[in-house]
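Spelled out, the chains give:
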Amino acid sequence: MADQKDKVVLAYSGGLDTSVCIKWLQEEKGLDVIAVVGDVGQEHEGLEKIKQKALKAGALDCLVVDMRDTFAKEYLSKALAANALYENKYPLVSALSRPLISKHLVDAAHKFGAKHIAHGCTGKGNDQVRFEASITMLDPDIEILAPVREWDLKTRPEEIEWALAHGVEVPATKKSPYSIDDNLWGRAIECGVLEDPWTEPPADIYTMTSDPVQAPDEPQYVELSFSRGIPYMIDGVQKSFLGIVYALNEVAGAHGFGRIDMIENRLVGVKSRECYEAPAALALIQAHKALEDLVLEREVLHFKLGMEQAWASAVYNGQWFSPLKEAIDAFMASTQRCLYGTVRLKFYKGTCTVVGRKSAYSLYDYGLATYDADDSFDHGAARGFIQLHSLSTKTWAANRRQEGAPAELFDARDQVGPLTRGKYEDVTPIWRQVADAEAKAVATTE
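Model, not experiment: these values are computed from the prediction.

Turning next to the side chain of lysine 304. Residue position: lysine 304 is located in helix 10 (residues 298-316). With relative accessibility at 0%, the residue lysine 304 sits in the buried group. Beyond its immediate sequence surroundings of up to four residues, lysine 304 is in contact with Ala81, Ala82, Asn83, Glu292, Leu296, Phe331, Met332, Thr335 and Gln336.

See below:
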């Protein structure tokens, strides 16, 4: 009886890299491979076809898992509560799916008794960190393998040559010049001509959004109703969160809304030019923010902005299962308890504008806000408020005047430095010494 091989669970997409990974793990590591394919709403050639490709490449088994509903309910819902935008631009398309896929990889490893989990990420991207950090937090005893980081196949032609020599099916279709990752929340597009940040993105990179110039000439209005911060109704029709994401991708995409072209700071220290399509994600975040503006108390709203950035950075950096992200989730959940209401959006020629919002929990008080006869605001109270509000800076200003210090140290015209240009006859000796020293230092460098 032959010795039983150790098993490895592989995150499988059906592409060339992960297909080569199956055979490489068998031949170079002596492992039996169980492939896991996760459906998170991405474009694909057919899940059954992908499964057969994995089995044909030599996988012992291939699990196809529909993760879409869980993705929406347990992952996108938390992203929406946090208005998650990494660097205030990117709605975390890829970063949100990796921890969910990782969870299923770990579950499969436990089910099959596998000691290893493998992925097909390169050594330059963020996803390697997200997969490996998530897997380690879920089961620190599992060994992680990264074939693409190890093998000496440096180019696609070399991979194809290796694949053909080892009986691995090579995709027959023409290879896209772009690297694409997509799911319910949007599409990430990079590589090819996009690696030149001066080059305008070609029209062929977009599939979810129409060209805004060619979008309908009439605007379209959409009403979204929220319960505890989660949308449950669109234009009066009740739908699951998953259904609303699909519906908004269609509507917003048809009007050319949802495109992002940005320079992104990757976790590994590289600046990368990234293009995204995220019509539903950006529209939902915009509507959600508008409802929060109406419902959340001012100090909570202001504090939440910083927490949102912390949440987005943690998830971008692969910390979905970390105690920090879990703690921030608790804060976010607290802010959503009374977030009920409806927001009206207007889509037109690549734009999404909030044009209405209402809620039973609204903190907007017409009597306090209006300048008409119904004004209930106590204008007389403003004087004392201003006096106390500015007391600290008033004390500061009086001290500086007494000591003869300038109110402004920088010359706004040339921005060279404090008092290194112009006159300073009115400055006291100590300030003059500082100015002389700085002027001398500037003259030396010049």
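Still more ground to cover, so stick around.
For the structure on display, the rule yields 11 aromatic pairs. Aromatic side chains phenylalanine 71 and tyrosine 75 sit 6.4 Å apart centroid to centroid with 45 degrees between the ring planes, which places their arrangement in the tilted category. Of this pair, phenylalanine 71 and tyrosine 75 both sit in helix 3 (residues 68-81), four residues apart, which is roughly one turn of that helix. Residue phenylalanine 71 is classed as buried on the basis of its relative accessible area of 0%. The exposure class assigned to tyrosine 75 is buried, which follows from its relative accessible area of 3%. Chaining the aromatic ring pairs together yields one cluster made of Phe71, Tyr75, Trp311 and Trp320. Residue placement shows arginine 130 over the ring face of tyrosine 316; its charged tip is 4.7 Å from the ring centre. The ring of tyrosine 206 is capped by arginine 259, whose NZ or CZ atom sits 3.7 Å from the centre of that ring.

The geometry of helix 1 (residues 16-29) relative to helix 7 (residues 156-165) is characterised by a closest axis approach of 10 Å and an angle of 45 degrees between their N-to-C directions. Overall, the two elements helix 1 and helix 7 adopt an arrangement that is oblique. Crossing of helix 1 against helix 7: the hand is left-handed. Here helix 1 contributes Leu16, Asp17, Val20, Lys23 and Trp24 to the contact with helix 7, which in turn contributes Arg156, Glu159, Ile160, Trp162 and Ala163.

Here we come to the sheet that holds strand 6 (residues 179-183). As summarised here, the arrangement of the four strands in space is 6-7-12-11, forming an open sheet in which the pairing is antiparallel. Every interior strand has two partners, whereas the edge strands, strand 6 and strand 11 (259-265), have only one. Between one strand and the next, the sheet's axes are offset by a mean angle of 25 degrees, whatever the strand orientation. Pairing of strand 6 with strand 7 (residues 186-190) involves five bridges; the strand directions are antiparallel. Note that in strand 7 the partner of isoleucine 180 across the bridge is isoleucine 189.

Turning our attention to helix 3. For helix 3, spanning 14 residues, the distance from its first C-alpha to its last is 18 Å, which sits close to the expected 20 Å at 1.5 Å a residue. Taken as a whole, helix 3 carries its principal kink of about 35 degrees at tyrosine 75.

On to the packing of helix 10 against helix 11 (residues 323-335), then. Running from amino to carboxyl end, helix 10 crosses helix 11 at an angle of 145 degrees, the nearest separation of the two axes being 10 Å. In terms of crossing hand, the pair formed by helix 10 and helix 11 is left-handed. The segment helix 10 lies against helix 11, with Val300, Phe303, Lys304, Met307, Glu308, Ala310, Trp311, Ala314 and Val315 engaging Lys325, Ile328, Asp329, Phe331, Met332 and Thr335. Considered class by class, the residues forming the contact of helix 10 with helix 11 number 10 nonpolar, one polar and four charged.

What follows is about the confidence of the model for the chain. Per-residue pLDDT for the chain has a mean of 90; in total, 92% of the residues score no lower than 70. In this model residues 412-427 is a low-confidence stretch, pLDDT under 50, and it forms 27 contacts with partners more than four residues away in sequence or in other chains.

Our next topic: unusual backbone geometry. Backbone geometry places asparagine 83, a non-glycine residue, at a positive phi of 45 degrees. Assignment of secondary structure puts asparagine 83 in the loop between helix 3 and helix 4 (93-112). Owing to a relative accessible area of 2%, asparagine 83 belongs among the buried residues under this scheme. In this model, leucine 92 sits at a positive phi of 60 degrees, which is unusual for a non-glycine residue. A residue is classified by how much of its surface remains accessible, and leucine 92, at 0% relative accessible area, is buried.

What follows covers a negative patch on the surface. On the surface, a cluster of negative charge is contributed by Glu27, Glu28, Asp152, Glu158 and Glu161. Mapped onto the negative patch, the elements with two or more residues apiece are helix 1 and helix 7. On the basis of relative accessible area, glutamate 158 is assigned to the partly exposed category, the value being 33%.

The rules behind each value
- The written sequence of each chain sets the order in which its residues are numbered from 1.
- Where totals are concerned, whole chains, interfaces and linings use all residues; where local detail is concerned, this predicted model gives features only for residues with pLDDT of at least 70, and gives and counts side-chain atom pairs only at 80 or more.
- Calculated side-chain values reflect all of the structure's heavy atoms, with hydrogen atoms and water omitted.
- Elements are defined by DSSP. Helices are runs of H or I of four residues or more, strands are runs of E of two residues or more, and each kind is numbered from the N terminus.
- Exposed residues in this analysis have more than 50% of their type's maximum accessible area, buried residues have under 20%, and partly exposed residues fall in between, with area computed by a 1.4 Å probe over protein chains only.
- We call two residues in contact whenever any of their non-hydrogen atoms come within 4.5 Å of each other.
- Stacked, tilted and edge-to-face pairs are distinguished by plane angle, under 30 degrees for stacked and over 60 for edge-to-face with tilted covering the rest, among Phe, Tyr and Trp rings (Trp via its six-membered ring) whose centres lie within 6.5 Å.
- Cation placement over rings: the criterion is NZ of Lys or CZ of Arg within 6 Å of the ring centroid and within 35° of the ring normal.
- Angles shown run from 0 to 180 degrees and are taken between the N-to-C directions of axes, each axis being a line fitted to C-alpha atoms and, for helices, limited to the stretch in contact.
- Our angle categories are set so that under 35 degrees counts as roughly parallel, over 145 as roughly antiparallel, 65 to 115 as roughly perpendicular, and the remainder as oblique.
- Should the near helix be turned counterclockwise from the far one by less than a right angle, the crossing is left-handed, whereas a clockwise turn marks it as right-handed.
- The rule for pairing is simple: two strands pair if DSSP sees at least two bridges between them.
- Take the residue count of a helix, subtract one, and multiply by 1.5 Å to get its expected span.
- To get the bend at any residue, fit one axis to the seven residues that end at it and another to the seven that begin at it, then take the angle between the two axes.
- Residue polarity is assigned by list, with Asp, Glu, Lys and Arg as charged and Ala, Val, Leu, Ile, Met, Phe, Trp, Tyr, Cys and Pro as nonpolar; anything else, Gly included, falls into the polar class.
- The quantity known as pLDDT measures the predictor's confidence residue by residue, on a range of 0 to 100.
- In this analysis, a patch consists of residues with relative accessible area above 30% that form no salt bridge, clustered at 9 Å for like charges and at 5 Å for the nonpolar side chains Val, Leu, Ile, Met, Phe, Trp and Tyr.
- Computed with a 1.4 Å probe, the accessible areas rest on the Shrake-Rupley method; for each residue, only the protein chains presented here act as cover.
- Each salt bridge in this description consists of a side-chain nitrogen of Lys or Arg and a carboxyl oxygen of Asp or Glu lying within 4 Å of one another.
- The positive count covers Lys and Arg only, the negative count covers Asp and Glu only, and His and the chain ends enter neither.
- By convention, the charge on Lys lies at NZ, on Arg at CZ, on Asp at CG and on Glu at CD.

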